[in-house]
Amino acid sequence: MATPTVARCWRCQDEHRPQVFCPACEALQPLPPDIDYFTLFGLARHPRLDEQALAQTYYELSRQLHPDLHQTGTAQEREASLQNTALVNRAYRTLRDPVQRGRYWLALNGEPLGKENNKVPPALALFVFEVQEKLAAVREARPAETEGTQDALAGLRAEMTQVRDDLDDRMRDLQHRLAANFSKWGQADGSSALLSELKRVLSEMAYLRTLTRDVEKALSIL
Amino acid sequence: MAYTERVVEHYERPRNVGSFAAEEGNVGTGVVGAPECGDVMKLQLKINPQTEVIEDAKFKTFGCGSAIASSSYVTELVKGKTVAEAGAIKNTEIVTELALPPVKIHCSVLAEDAIKAAVADWRDRAEGAGAPKKDAA
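Residues numbered from 1 in each chain as written. Chains lettered and ligands numbered in written order. Predicted model: local features only at pLDDT ≥ 70, side-chain atom pairs only at ≥ 80, totals over all residues. Heavy atoms only, no water.

A. View of the overall build of chain B. From N to C terminus, chain B includes 5 helices and 3 strands. Its helices and strands in sequence order give chain B the pattern α-β-β-β-α-α-α-α, from N to C terminus. What you see for chain B is a C-alpha radius of gyration of 15 Å, in line with the 14 Å of a compact globule of 137 residues. With the C-alpha coordinates of chain B rotated into their principal frame, the extents come out at 50 × 25 × 25 Å. Taken over 137 residues, chain B has a buried fraction of 49%. Summed over its atoms, the accessible surface of chain B is roughly 6300 Å², and 52% of this surface lies on carbon and sulfur atoms. (Helix = DSSP H or I, 4+ residues; strand = E, 2+ residues; numbered from the N terminus. Rg over C-alpha atoms; globule rule 2.2 N^0.38 Å. Buried < 20%, exposed > 50% of the residue type's maximum accessible area, 1.4 Å probe, protein only. Areas by Shrake-Rupley, 256 points an atom, 1.4 Å probe, with all protein chains shown as cover.)

What follows is the structure, given as structure tokens:
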């Protein structure tokens, strides 16, 4: 995912670094589809970013690129306006969410999270297993609810609430670890240890997120 | 995507579901998870400490049909094998048996990991109990 460093204006042939408007003739330019999202928003390539600056640039770009503004432009400009808008929206959604940004950062570093490369620690697998067993107990308890099993249901509800609180705590802890990992990039220590840690954290977050959804669903029917 | 016949067969009639009683000895337990799909798999092996032959196996999996079928098949596959033989089982054997499509290969990897984790757990316990130390297979 190397970002092209030079773009040529479709109208005046000026060569410049990829940007939305040609610095020479001000024509709207199609952005290279594989431009990296940090470069797109004029940010340093670093996972810790200034969220305010990101949002501000996003709104600015959205305004400048808005297809309504380019209705009277040439076919190239209309097309560029549409494609750039879609790209900018996608890039913004990715960068503003730390989890998405982390996963994007892994991909930029050539190690995208896949189904094969994200082992979780045994203790976490065991935790997930135990929660799944409780969820199975909830599913089994439902058909019998008419037969005066209110106490049993209340017990399950209390247990599920406890599980959800536990999951919230774990998720908060992971968010802190994610932020800590982001701020370490670019410092003296090698990036391979940081990459592994980032993978671990994001894998655990993906795992717990799915589980949290299941727990919320169980709570909603209890 | 449709599941293959073999997957459906294991899914509908899973073999050896459950777990061994907590007080039962000579059992190795492996719990492994797949964060991207949310699956989790528990495999338990009951191992004869003298011969190191796997005499029984049980599993419980929360996940998709392929994950359940993979672990169900593994419990059949390992029975009667020595720990060393079971440790050498490759996920490709599971893929072939169940005709898993490429997007479900990770389920077979998970099942292979579960065998290794269960064997490692059994060794840890055996060594902790003062049994003669053996090289890991």
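B. Local environment of unusual backbone geometry. Backbone geometry at Q13(A) places phi at a positive 65 degrees, although glycine is not the residue there. When you line up the elements, Q13(A) lands in the loop between β1 (7-8) and β2 (15-16). Look at Q13(A) and you get partly exposed, because its relative accessible area is 42%. We note that N26(B) has phi near 55 degrees; this positive angle belongs to a residue other than glycine. The class for N26(B) is partly exposed, based on a relative accessible area of 38%.

C. Highlighting the confidence of the model for chain B. Per-residue pLDDT for chain B averages 90, and the proportion of residues at 70 or more is 93%. Ranking the elements of chain B by mean pLDDT puts helix α1 (residues 5-12) of chain B last with 87 and strand β3 (residues 54-62) of chain B first with 97. (pLDDT = per-residue confidence, 0-100.)

D. Quick peek at the packing of helix α2 (residues 65-78) of chain B against helix α4 (residues 91-98) of chain B. Residues and elements named next belong to chain B. Where α2 meets α4, the closest approach of the two axes is 10 Å, and the angle between their N-to-C directions is 110 degrees. On the basis of the axis angle, α2 is roughly perpendicular to α4. Each of A69, S70, Y73, V74 and L77 in α2 lies in contact with α4, whose residues at this interface are E93, I94, E97 and L98. Taken together, the residues of the contact of α2 with α4 break down into 6 nonpolar, 1 polar and 2 charged. (Axes fitted to C-alpha atoms, helices over the stretch in contact; angles between N-to-C directions. Parallel < 35°, antiparallel > 145°, perpendicular 65-115°, else oblique. Contact = heavy atoms within 4.5 Å. Nonpolar A, V, L, I, M, F, W, Y, C, P; charged D, E, K, R; others polar.)

E. Here's a closer look at the pattern of salt bridges. One pass over the structure, following the stated rule, counts 21 salt bridges over all chains. Taking the shortest distance from any N to any O, the salt bridge between D169(A) and R172(A) comes out at 2.8 Å. Taken together, the residues D169(A) and R172(A), both in helix α6 (residues 150-184) and 3 residues apart, mark about one turn of the helix. D169(A) sits in the partly exposed class, given a relative accessible area of 44%. Relative accessible area serves as the criterion here: at 45%, R172(A) is assigned to the partly exposed category. E9(B) serves as the salt-bridge partner of R15(B), at 3.0 Å between the closest nitrogen and oxygen. On the basis of relative accessible area, R15(B) is assigned to the buried category, the value being 15%. (Salt bridge = Lys/Arg side-chain N within 4 Å of Asp/Glu carboxyl O.)

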